[in-house]
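Architecture at a glance
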Amino acid sequence: MSLPFARRRRERLAVEAVTVLCYEAFLAIRGSAYTGQVRSASDVGPVDVDVMEWMRSVADACHNLPPSLRPSVAGGRKQRATDAVQYLLATASPLQRRWILATLAGNGIEVGQLTG
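Computed from a predicted model, the values in this text were never measured in an experiment.

Let's talk about the pattern of salt bridges
For the structure shown, the criterion picks out two salt bridges. One salt bridge in this structure joins Glu 53 and Arg 56, with 2.8 Å as the shortest N-O distance. With Glu 53 and Arg 56 both in helix α2 (residues 51-62), this residue pair falls three residues apart, about one helical turn. Here Arg 80 and Asp 83 are joined by a salt bridge, their closest N and O atoms 3.1 Å apart. Owing to a relative accessible area of 37%, Arg 80 belongs among the partly exposed residues under this scheme. Using a relative accessible area of 24% as the deciding quantity, one classes Asp 83 as partly exposed.

Structure representation (structure tokens):
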């Protein structure tokens, strides 16, 4: 009985992670586009890419996340947020992974709780 509860808890945390990542991505892209410099609310340290590559990298990391926030999908299996986050972590580039981990940690979300 505790397993379904643990799954529900992990899914709720993954929904929060997806929401945070999408929100922070919008802010990073908007801030970078406005200033012409790499911007992020998360402390990702020095980033050795130009601003366009930074914005593209952040957008690419998060573009598949929003469907996991939909309450239902007509005629198909609902994409779960846990699946979306696990896929994101498995396919992220080193730069994307640094941003993802820094963003989640900066918002009090431990990656181990999402993948365990």
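Examining the nonpolar core
Ranked by size, the top nonpolar core spans 31 residues in total, and within it Leu 21, Trp 54, Leu 65, Trp 99, Ile 100, Leu 104 and Leu 114 carry the most contacts. Only α1 (2-35), α2, α3 (81-91), α4 (94-106) and α5 (111-115) provide two or more residues apiece to this core. No other element matches α1, which puts nine residues into this core. In contact with Leu 104, not counting residues within four places along its chain, are Ala 17, Leu 21, Ile 109, Val 111 and Leu 114.

Observations concerning α4
An α-helical segment advances 3.6 residues per turn. Residues three or four places apart therefore align on the same side. Spanning 13 residues, α4 covers 18 Å between terminal C-alpha atoms, matching the ideal 18 Å at 1.5 Å per step. Residues of α4 that are buried: Leu 95, Gln 96, Trp 99, Ile 100, Ala 102, Thr 103 and Leu 104. Gly 108 sits one or two residues past α4 and shows a positive phi near 75 degrees.

Criteria and thresholds
Residues numbered from 1 in each chain as written. Predicted model: local features only at pLDDT ≥ 70, side-chain atom pairs only at ≥ 80, totals over all residues. Heavy atoms only, no water. Salt bridge = Lys/Arg side-chain N within 4 Å of Asp/Glu carboxyl O. Helix = DSSP H or I, 4+ residues; strand = E, 2+ residues; numbered from the N terminus. Buried < 20%, exposed > 50% of the residue type's maximum accessible area, 1.4 Å probe, protein only. Core = buried A, V, L, I, M, F, W, Y, C linked by side-chain atoms within 4.5 Å. Contact = heavy atoms within 4.5 Å. Expected span 1.5 Å × (residues − 1).

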